[in-house]
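Report on the structure
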Amino acid sequence: MGLIGRGNLGTYLLNKINKERLLPNTKITAILDEREKAGIELPPFAAEYGCTAYHDIDLFLHSDIDIVVECSNIESAKTYAVETVKQKDLLLISIGAFADPSFGNLVEQAAEASGRRIYLPSGAIGGLDVLKAATFAGSVESVTLTTRKPAHSLTAERMTAEQTLFEGSARDAIEQFPKNANVAIVLSLAGIGVEKTTVRIIADPAVSQNIHHIKAKGDFGEFDMTLKNNPSPDNPKTSHITGASILAALADLDSAVVVGS
């Protein structure tokens, strides 16, 4: 398996997969990262986890890997995704890249032409299987996501009361809050799209969790779910469950029985 990005999520996966061997039949053998982080050069970092370091996408893709996991950022996803799916399956974490319809079309066409697959994990939310089924079976009238996070994770401004920082479409949410709206995009892809999905982002100094409240309504009935996720100890903008959702998605690839859709 190849890994694009070596930030908090990438390091989490390296520890769980290569050191703790949580997925017995899986190992990350190659890391691609064109940047050199201050004080942490890529080759020594890769060697610590038994990987080979790459700075060139072509050499990376021609290494002995069968699937690539992107856990960098939207810019990297847009830069590498199309070329990757021409040669390898891709598990994409920066789902916000799909807010750009031209990118979505390009990467989907590339995957169809090569016979490769693109996997988008659920990340910090649940209920995607219900929403997908409802959308497939009939009319979904509305989908609303209200995300409430600790104020300090969203703004440097000191707050004494909650403040709505954004209200609008999922497409606009990812443009204004690219590090906080992946949930909005994956919800949109499972449901009625980025233009019709309504998003509110609230900075709240009184909460310590990342809280996502999802409501959907249509011919199927009504759907109402609230998830209260503890933030990652290494990155408060990311929910602690996000890394585990990636591991679960990878585990399903080799599982004889897959629960949920």
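This text gives an overview of the structure that appears in the document. Being a predicted model, the structure only gives us computed values, none of them experimental.

What counts, and at which threshold
Per chain, residue numbering runs from 1 following the sequence as it is written. Reporting of local features is limited, given that this is a predicted model, to residues whose pLDDT is at least 70; pairs of side-chain atoms are given and counted only at 80 or more, and all residues count toward the totals for whole chains, interfaces and linings. Side-chain metrics in this entry use all non-hydrogen atoms of the structure; hydrogen atoms and water are not considered. Here, nonpolar core refers to any group of buried Ala, Val, Leu, Ile, Met, Phe, Trp, Tyr and Cys residues whose side-chain atoms link them within 4.5 Å. Each residue is placed in one exposure class: buried if its accessible area under a 1.4 Å probe, protein chains only, is under 20% of its type's maximum, exposed if it is over 50%, and partly exposed if it falls in between. A helix here means a DSSP run of H or I that spans at least four residues, while a strand means a run of E at least two residues long, and both kinds are numbered starting from the N terminus. It only takes one pair of heavy atoms within 4.5 Å for two residues to be counted as in contact. Each aromatic pair joins two rings of Phe, Tyr and Trp (for Trp, the six-membered one) with centres within 6.5 Å, and gets the label stacked for planes under 30 degrees apart, edge-to-face for over 60, and tilted for any other angle. Put simply, a charge is over a ring when the Lys NZ or the Arg CZ is close to the ring centre, within 6 Å, and near the line of the ring normal, within 35 degrees. Seen with the strands pointing away from the viewer, any crossover whose path from the first strand over the helix to the second strand runs clockwise is right-handed. Strand pairing is assigned whenever DSSP identifies at least 2 bridges connecting the two strands. By definition, a salt bridge exists where a carboxyl oxygen of Asp or Glu is found within 4 Å of a side-chain nitrogen of Lys or Arg. The arc in question is formed by the directions pointing from the helix axis toward the C-beta atoms.

**Quick look at the nonpolar core**
Buried together is how nonpolar side chains tend to be arranged in soluble globular proteins. Judged by nonpolar contacts, the single largest core of 56 residues is most densely connected at Phe60, Ile125, Ile185 and Leu187. A per-element tally of this core places helix H9 (residues 182-190) first, with six residues. Not counting residues within four places of it along the chain, the set of residues in contact with isoleucine 125 comprises Val183, Val186, Leu187, His212, Ile214 and Leu227. Listed in part, the 22 residues of the second largest apolar core include Met1, Ile17, Leu42 and Ile67.

**Observations concerning the packing of aromatic side chains**
A complete count under the given rule lists four aromatic pairs for this structure. Between phenylalanine 45 and tyrosine 49 the ring centres are 5.4 Å apart and the planes differ by 55 degrees, which places this aromatic pair in the tilted class. Under the relative-accessibility criterion, phenylalanine 45 is labelled buried at 11%. A relative accessible area of 8% places tyrosine 49 in the buried class. With a centroid separation of 5.3 Å and 80 degrees between ring planes, the pair formed by phenylalanine 98 and phenylalanine 103 is classed as edge-to-face. Residue phenylalanine 98 shares its accessibility class with phenylalanine 103, and that shared class is buried. Over the ring of tyrosine 49 we find lysine 19, and its NZ or CZ is 4.7 Å from the ring centre.

**Quick look at the pairing of strand S5 (residues 89-92)**
Of the two faces of S5, the one lined by Asp89 and Leu91 and the one lined by Leu90 and Leu92 are each fully buried. Tracing the backbone out of strand S4 (residues 67-70), into helix H4 (residues 74-85) and back to the parallel element S5 gives a crossover that is right-handed. One ladder, built from two bridges, connects S5 with strand S6 (residues 118-119); its direction is parallel. If you follow leucine 91 over to S6, its bridge partner there is tyrosine 119. Crossover S5 to S6 through helix H5 (residues 101-114) is right-handed.

**Overview of the side chain of threonine 146**
Mapped onto the fold, threonine 146 is located in strand S7 (residues 140-150). Beyond its immediate sequence surroundings of up to four residues, threonine 146 is in contact with Arg200, Ile202, Ile211, His212 and His213.

**Focus: the pattern of salt bridges**
All told, the structure shown has nine salt bridges when counted by the stated rule. In this structure, arginine 148 engages aspartate 204 in a salt bridge whose closest nitrogen and oxygen atoms are separated by 2.9 Å. Placement of arginine 148 in strand S7 and of aspartate 204 in strand S9 (residues 198-204) is noted, with a sequence separation of 56 residues between them. According to the relative accessible area criterion, arginine 148 is partly exposed, its value standing at 21%. What makes aspartate 204 buried here is its relative accessible area of 7%. Among the ionic pairs, glutamate 167 bridges to arginine 200, the shortest N-O distance being 3.9 Å. Within this pair, whereas glutamate 167 is found in strand S8 (residues 163-169), its partner arginine 200 is found in strand S9, the two being separated by 33 residues in sequence.

**A short note on helix H6 (residues 128-137)**
Those residues of H6 not exposed but buried are Leu128, Leu131 and Ala134. Across the axial projection of H6, the buried residues extend over an arc of 130 degrees, all falling on one side. Of the exposed residues in H6, those oriented more than 90 degrees away from the buried face are Phe136 and Ala137. The inward-facing, buried residues of H6 abut S7, H9 and strand S10 (210-218).

**Examining the environment of serine 232**
The residue serine 232 is located in the loop between strand S11 (221-229) and helix H10 (241-253) in this model. Judged by its relative accessible area of 15%, serine 232 falls in the buried class. In this structure, the C-alpha to C-alpha distance between serine 232 and leucine 9, residues 223 residues apart in sequence, is 9.5 Å. In this structure, serine 232 is in contact with Thr238, Ser239 and His240, ignoring residues within four places of it in sequence.

Spatial relationships are all this shows, so hold off on functional conclusions.
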